[in-house]
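Residues per chain, in single letters:
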Amino acid sequence: MANAQPASSMRDALYEAPGPKTRVKMFIGTFISVVAIAALLSFVVYRFWVTGQLSSRYWELFSWRTTWIYLGKGLLGTFQVALTAGLISLVLGMLLMLGRTSHFRLLSAICGVITNFFRGVPSLLFIYGFFFIVPSLGFKMDSFWMLTIPISLAASGVLAEVFRAGVNAVPRGQTEAGLSIGLTRWKVKSKIVLPQAIRFVIPSLISQLVVVVKDTALAYVVTFPDLMQNAQVLRTNYDALVSTYLVVAVIYILINYLINKASVYASHRMGVKIIR
């Protein structure tokens, strides 16, 4: 046991190393899967070609500078919503976590109910609520906030639990040691526990931004000009369904890939090991 190596992947942490027979089965299964996926992609491309979706008239709009400027404006709107919602959800998530971990039972119970409610309700329902219900109550709200606030509420419930997991990861003995030298509970939490907890969960916080970015695609509900809304306008004007959504999908994939890479980079900088 003294020579045991630390787990470098989730598979190594949960299972033993595969034997020769298992490796053969894994190779066969992987080969069949690759062939099946390649066949499916070939069929999809063939159907696009047969139906004329690969015709140049559906793709030439992406050779125009104006198209990319229009998509760029939508992408800027996506970033504005994502960053604003991310900051609001971070603050609200931290407050909910502090309330839920409080020694005041009533406050803890209220924050627990709010957290579970925010986590359990889909972002789309929140957006519909702000779009239909809030104006009926006499409150006028810009489409930016009709999208940003619901996304923030949904994300804050998840982030509250992420923060709480980080707090629970800090050894309890450190809290007891702080109390034993006369520190108040708030000073122990703010000076000892929270700095370590935030360090533990920074990769998860950055990864949660991926969810926030994807939720911005619901902007069509409130007609906010984000990347997806502008893509729908292009699709309608040029009748380019496949080409438009394929290009936009690639853009979203690249954005989320960069966010995930930032999460890995931050974890390495902070000395937090990610088991995959």
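One can find the structure itself at the top, above this paragraph.
Because the structure is a prediction, the values reported are computed rather than measured.

*Asks:* Can you explain the environment of Gly112? Please cite residues and give values.
*Replies:* Relative to the assigned elements, Gly112 resides in helix α4 (residues 105–120). On the accessibility criterion, Gly112 (8% relative accessible area) is buried. Gly112 sits 33 residues away from Trp145 along the chain, and the two C-alpha atoms are 25 Å apart.

*Asks:* Can you tell me about the packing of aromatic side chains, naming the residues and giving the values?
*Replies:* All chains considered together, the criterion is met by ten aromatic pairs. On the basis of an interplanar angle of 55° and a centroid distance of 5.9 Å, the ring pair of Phe62 and Trp68 is categorised as tilted. We classify Phe62 as buried; its relative accessible area is 11%. Measuring from centroid to centroid gives 4.9 Å for Phe131 and Phe132, while their planes differ by 75°, and the two rings are edge-to-face. On the basis of relative accessibility, which here comes to 30%, the residue Phe131 falls in the partly exposed class. Three or more aromatic residues link up through ring pairs in this structure, and these residues are Phe117, Phe118 and Phe126.

*Asks:* Tell me about the environment of Pro150, and name the residues and values.
*Replies:* Relative to the elements of secondary structure, Pro150 occurs in helix α6 (residues 143–169). Judged by its relative accessible area of 0%, Pro150 is buried. Along the chain, Pro150 and Asp239 lie 89 residues apart, while their C-alpha atoms are 31 Å from each other.

About the criteria used
The numbering scheme is per chain: residues are counted from 1 as the chain's sequence reads. Residues qualify for local features only when their pLDDT is at least 70, as the model is predicted, and side-chain atom pairs are given and counted only at 80 or more; totals for whole chains, interfaces and linings, by contrast, use all residues. Based on all heavy atoms of the structure, the side-chain values leave hydrogens and waters out of the count. Secondary structure elements follow DSSP: runs of H or I no shorter than four residues count as helices, runs of E no shorter than two count as strands, and numbering proceeds from the N terminus. Only protein chains enter the area calculation, which uses a 1.4 Å probe; residues under 20% of their type maximum are buried, those over 50% are exposed, and those in between are partly exposed. Whether two aromatic rings pair depends on their centres lying within 6.5 Å, for rings of Phe, Tyr and Trp, where Trp uses its six-membered ring; planes under 30 degrees apart make the pair stacked, over 60 edge-to-face, and the rest tilted.

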